[in-house]
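Report on the structure
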There are 2 protein chains.
Amino acid sequence: MTKNTDIPYKIYLSEDEMPRSWYNVRADMPVKHDPMLNPATLEPVTKEDLEKVFCSAVVEQELNQTDRYIEIPEDIRNFYKMYRPSPLVRAYCLEKALDTPAEIYYKFEGNNTSGSHKLNSAAAQAYYAKQEGLTSLTTETGAGQWGTALSMACAFFGLDLTVFMVKVSSEQKPHRREVMRTYGAKVIPSPSDTTECGRAILKAHPGTGGSLGCAISEAVEVAVSTPNCRYGLGSVLDHVLLHQSVIGSESKIALDKYGVHPDIIIGCAGGGSNLGGLISPFMGEKLRGERDYRFIAVEPASCPSLTRGKYLYDFGDTGKITPLMKMYTLGCDFIPSANHAGGLRYHGMSAVVSKLYHDGYIEARSVEQTSVFKAAEMFARTEGILPAPESSHAIRAAIDEALKCKENGEKKAILFGLTGTGYFDMTAYKKFNDGEMSDYIPTDEEIEKSVAQLMPYNK
Amino acid sequence: MTKNTDIPYKIYLSEDEMPRSWYNVRADMPVKHDPMLNPATLEPVTKEDLEKVFCSAVVEQELNQTDRYIEIPEDIRNFYKMYRPSPLVRAYCLEKALDTPAEIYYKFEGNNTSGSHKLNSAAAQAYYAKQEGLTSLTTETGAGQWGTALSMACAFFGLDLTVFMVKVSSEQKPHRREVMRTYGAKVIPSPSDTTECGRAILKAHPGTGGSLGCAISEAVEVAVSTPNCRYGLGSVLDHVLLHQSVIGSESKIALDKYGVHPDIIIGCAGGGSNLGGLISPFMGEKLRGERDYRFIAVEPASCPSLTRGKYLYDFGDTGKITPLMKMYTLGCDFIPSANHAGGLRYHGMSAVVSKLYHDGYIEARSVEQTSVFKAAEMFARTEGILPAPESSHAIRAAIDEALKCKENGEKKAILFGLTGTGYFDMTAYKKFNDGEMSDYIPTDEEIEKSVAQLMPYNK
């Protein structure tokens, strides 16, 4: 519900209104999520375990469950000023097309060269690495947004970067690869013969197109075996959600300024970094009992970790080399069927988002991709922005909620996260435009079989 | 020179600060450019001649040389609010990398799905067509920005659109084609068998990849032979420059707000719509003797209409069906050698820009594409935005001017137009990243031969 009727199409904060701290929602959680476990000992991981892989400041943030506000260093705030504040948009044209009494707002994170919100955490990870005297980072990328984001951040802060790009993605999306190269990154299709792990996989599966799990293994192997090098991850982990809280904080400042109280907040959910970041400061209010909100996580029906997965300890990667995390998961062996939302094809879900969902603070729903692209097309034609397939999951749910408001004559305020643009996803749009898109839903048996393999780690 | 030292990274106007009128620089020109000529009679074209092809409001604007301000209808202003105001950016990071005392500003027009400034005129042309009861438009597109922009505008205002896309571009840039289709446009590779003109060309040149000139001919043929249909053009003509003046007006309002007086204003120049739009209100001050500015048009060395062309009457298209315009031209038969800045491969130049250049109000220079991509790479890595090859011509000149300031210790303020993003130009970036880019410069003989053919129309 809104008090103010004079809301512009786009609300931009001025630079001095931008958040100076990240919002650590874990500080507000009455019960924290279970700790990550070392896969060798099944004991909680230590700072030292993590520092072999990640840089120290990031590890400190990963383990900080108590400080609500964590200051954003000035150099990162200046980096943010190159592409932030992102606009909070009132979707007047979409509202009109839907003929709904609801007010629809979206926070648009796609107006930067990485094409998504990923740059918010890339900036932080590259900055801290430079601060700690590292000279290079490694990472993996599938759809390519994260690899692009970290390439941009490393170019800016003067770090070398090696990106292991899932081979099939690298072949399907040569243009993404080229953007990373333009920012000076070395892009290696994975599996590769440059790592032990890659060579082993190539030997076992000649001709494989690779997987995110394998690319993670290669990137971590290089990070831990190279002097002054660490690894950077683009989603799932708590420190990534922390960095992404800048999305939610900017949204909240902008909405507060205009007296708008969103009744429903919607985000697409793959690893959970966008959703977690968007909802953090709002969730804080809810957890402290100050104000109520409905939060909706939207995931693809083809990869339904929250809606059909189990809340168990699982590995972060298919290669089973990462720590175990307590999360909603389809099992790290689960191979999602083809879906064009590459960023939402992760088997698990952020521990923070999982815990909040488990404790009833978040709702979740899954949507099928043809209906997602219908929503994307409508959004593109009315609001002018061609959305990423991932982001379009949130659009689908926002449209559905706005149509419910129309049915019930309710003037609710809906906020959703528009995480990115679809310029590198035109193959998917072509399928849709040609009427050749199909929907895939995993069977219960598939999920049960994959989840069953986690039992040894969940006694 | 600047009085204010507290300038943010990005200056966004509020919606009520946005211009309510387009700026018609022709009103300030002491001597107007020569009129368009009907190619059949070699007499000045009439309103009636033009209304066969374009909608009436647009024809009126095309012929209006006297009103300095032309009101922007409210529906167009609301359309603009979906993606405007565009940011005026202070290039702090580029300045630092160049270690220059100069201040560099750029007006960034790439943050919309069409990827360039073209949407500013597409919105107007679609709006007027709808107002006049038309049901469809036709157009042509080469690089694809204009086709995308008009697709977006037609989707918004509810008009059918047929885009004749140069066949070779359609094959090289299938993703651009798909964006247009997502907005509901019918995209036909040109030459096609759907028009008389197309069939004639296919018969004469089987297997041809097409040209912009041929695509224009097909689009015009369909427009004049279809009920309630007209044709829309994306550059060159006076009404297009008029619509693009929103770029310059927003820039001027933003700079005035911070007390910044740009000493040098730089734009890339293909057909001239971006440059003309950017400089219009500043040029008005110069022409009225109120304030001085240096204006620099930057064109590719491979297609140097201003720097090496002749000031003559020429056709707008290769097919020689359009009116004749007095302009700097390489001759409508000139075929520019391969260059990745597809939007700058036009043989001629806007009559307004040509006249201002001819009368000494604008400077021009040409740059080679490898040096353009070097500038693009530096800009991407420092300012975070991956620029279009076209826009990078302006970046090259801005960097060169900033380096001159460094040499001379001058603290000049430089403004340039960053017309678009390079997301659909990664094939070009790959050539550059692989060290395989080459530079082409036409010989004097080539230009002379092509220009000589214009003599019958320039007695």
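This is a predicted model, so every value here is computed, not measured. (Residues numbered from 1 in each chain as written. Chains lettered and ligands numbered in written order. Predicted model: local features only at pLDDT ≥ 70, side-chain atom pairs only at ≥ 80, totals over all residues. Heavy atoms only, no water.)

1. Considerations on helix 18 (residues 444-452) of chain B
Two residues of an α-helix separated by three or four positions point the same way, owing to the 3.6 residues in each turn. All names here are of chain B. Selection rule: Residue burial is assigned from relative accessible area. The probe radius is 1.4 Å, only protein chains are included, and a residue is buried under 20% of its type maximum, exposed over 50%, and partly exposed in between. Starting at the N terminus, helices and strands are each numbered in turn, a helix being any DSSP run of H or I of at least four residues and a strand any DSSP run of E of at least two. The arc in question is the one traced by the directions running from the helix axis out to the C-beta atoms. A contact between two residues is defined here by any heavy atoms of the two lying within 4.5 Å.
Here helix 18 has its buried residues at I447, S450 and V451. Angularly, the buried residues of helix 18 cover 95 degrees about the axis, an arc narrow enough to put them on a single face. The exposed residues of helix 18 that point more than 90 degrees off its buried face are E445, E448 and K449. If you follow the buried residues of helix 18, they end up packed against helix 13 (305-308), strand 12 (310-315) and strand 13 (324-329).

2. Describing the sheet that holds strand 8 (residues 186-190) of chain A
All names here are of chain A. How we decide: Strands pair, by our definition, only if DSSP identifies at least two bridges between them. All axes are obtained by fitting lines to C-alpha atoms, using only the stretch in contact for helices, and the reported angles, taken between N-to-C directions, cover 0 to 180 degrees.
Taken in spatial order, the four strands make up an open sheet running 8-7-6-9, and their pairing is parallel. The open sheet has two edge strands, strand 8 and strand 9 (229-231), and neither has a second partner. The sheet shows a mean angle of 20 degrees between the axes of neighbouring strands, direction not considered. When strand 6 (residues 136-141) meets strand 9, the two strands line up parallel, connected through three bridges. Residue pairing across strands places S136 opposite C229, the latter belonging to strand 9. Of the strands in this sheet, strand 6, strand 7 (160-166) and strand 8 touch helix 8 (residues 174-182), which is tilted by about 175 degrees from strand 7.

3. Comments concerning the pairing of strand 6 of chain A
For a regular strand, side chains alternate in direction, first toward one face of the sheet and then toward the other. Residues and elements named next belong to chain A. Test applied: By definition, the crossover connecting two strands over a helix is right-handed if that path, from the first strand to the second, turns clockwise as seen with the strands pointing away from the viewer.
In terms of burial, strand 6 is a largely internal element, six of the six residues being buried. Taking every second residue as pointing to the same face, both faces of strand 6 are buried, with S136, T138 and E140 on one and L137, T139 and T141 on the other. Two elements, strand 6 and strand 7, share six bridges in a ladder whose sense is parallel. Bridging from a neighbouring strand, E140 pairs with F164 of strand 7. Following the chain from strand 6 across helix 6 (residues 145-157) to the adjacent parallel strand 7, one finds a crossover that is right-handed.

4. Quick notes on the side chain of E62 of chain A
All names here are of chain A. Put simply, the rule is: Counted as positive: Lys and Arg. Counted as negative: Asp and Glu. His and the chain ends are not counted at all. A pair is scored as a salt bridge if a Lys or Arg side-chain nitrogen falls within 4 Å of a carboxyl oxygen belonging to Asp or Glu. Two N or O atoms count as a polar contact when they lie within 3.5 Å, although within protein this holds only if one can serve as hydrogen donor and the other as acceptor, and sequence-adjacent residues are included solely when both atoms are side-chain atoms.
Among the secondary structure elements, E62 is positioned in helix 2 (residues 56-63). Comment: no salt bridge for buried E62; closest opposite-charge side chain is R26, at 5.4 Å. Engagement of the side chain of E62 in a polar contact is seen with the backbone nitrogen of D238, the distance being 3.1 Å. Those residues within four positions of E62 in sequence are excluded, and the remaining contacts are R26, M36, L50, L237, D238 and H239.

5. Remarks on the packing of aromatic side chains
Residue and element names in this part refer to chain A. The criterion, for reference: Only the six-membered ring of Trp is used, alongside the rings of Phe and Tyr, when aromatic pairs are assigned; centres must lie within 6.5 Å, and planes under 30 degrees apart are stacked while those over 60 apart are edge-to-face, with the rest tilted.
Tallying each qualifying case throughout the model produces 44 aromatic pairs over all chains. Seen in terms of ring centroids, F156 and F157 are 5.2 Å apart; in terms of plane orientation they differ by 85 degrees. Their pairing is edge-to-face. Given the relative accessible area of 12%, F157 is considered buried. Among the aromatic side chains, those forming a connected cluster through ring pairs are F79, Y80, Y83, Y127, Y128, F156 and F157.

6. Some points on the interface of chain A and chain B
We count it as follows: A quick way to say it: buried area is the sum, across both parts, of accessible area lost when two parts are put together, with a 1.4 Å probe. In this classification, the charged set is Asp, Glu, Lys and Arg, the nonpolar set is Ala, Val, Leu, Ile, Met, Phe, Trp, Tyr, Cys and Pro, and all remaining amino acids, among them Gly, are polar.
Counting residues at the interface gives 42 residues for chain A, matched by 42 residues for chain B. Considering only the surface of chain A that becomes buried against chain B, T182, R381 and Y423 of chain A emerge as the three largest contributors, covering 18% of it. Taken together, the connections running from chain A to chain B amount to two salt bridges. R181 of chain B serves as the salt-bridge partner of D434 of chain A, at 2.8 Å between the closest nitrogen and oxygen. Inspection of the region where chain A meets chain B yields 25 residue pairs in polar contact (both at pLDDT 80 or more). At the level of elements, helix 3 (74-83), helix 6, helix 8, helix 15 (369-383) and helix 17 (426-433) of chain A are the ones that each hand at least two residues to the side of chain A that touches chain B. Of all the elements, helix 8 of chain A adds the most residues to the side of chain A that touches chain B, at six residues. In terms of residue class, the side of chain A that touches chain B is made up of 19 nonpolar, 11 polar and 12 charged.

7. A look at the side chain of Q61 of chain B
Residue position: Q61 of chain B is located in helix 2 (residues 56-63). The contact partners of Q61 of chain B, leaving out residues within four places of it in the chain, are W22, R26, I70, Y128, H239, L242 and H243 of chain B.

8. A look at the domain arrangement of chain A
Residues and elements named next belong to chain A. Just so we agree on the cut-off: By convention here, the domain bounds are inherited from an automatic or database domain assignment.
Here chain A is described as being made up of domain 1 (10-19 + 84-115 + 238-457) and domain 2 (21-69 + 118-231). Contacts between the two partners involve 46 residues from domain 1 and, on the opposite side, 47 residues from domain 2. Of the roughly 3,900 Å² buried at the junction of domain 1 and domain 2 (both faces included), carbon and sulfur atoms supply 62%. Where domain 1 meets domain 2, there are four salt bridges. D28 is the salt-bridge partner of R288, the closest N and O atoms lying 3.3 Å from each other. The interface formed by domain 1 and domain 2 includes 18 residue pairs in polar contact (both at pLDDT 80 or more). Elements represented by at least two residues in the side of domain 1 that touches domain 2 include exactly helix 11 (238-257), helix 12 (273-287), strand 12 (310-315), strand 13 (324-329) and helix 14 (351-358). Counting residues per element, the side of domain 1 that touches domain 2 draws most heavily on helix 11, which supplies 10 residues. Counted by class, the side of domain 1 that touches domain 2 contains 20 nonpolar, 17 polar and nine charged residues.

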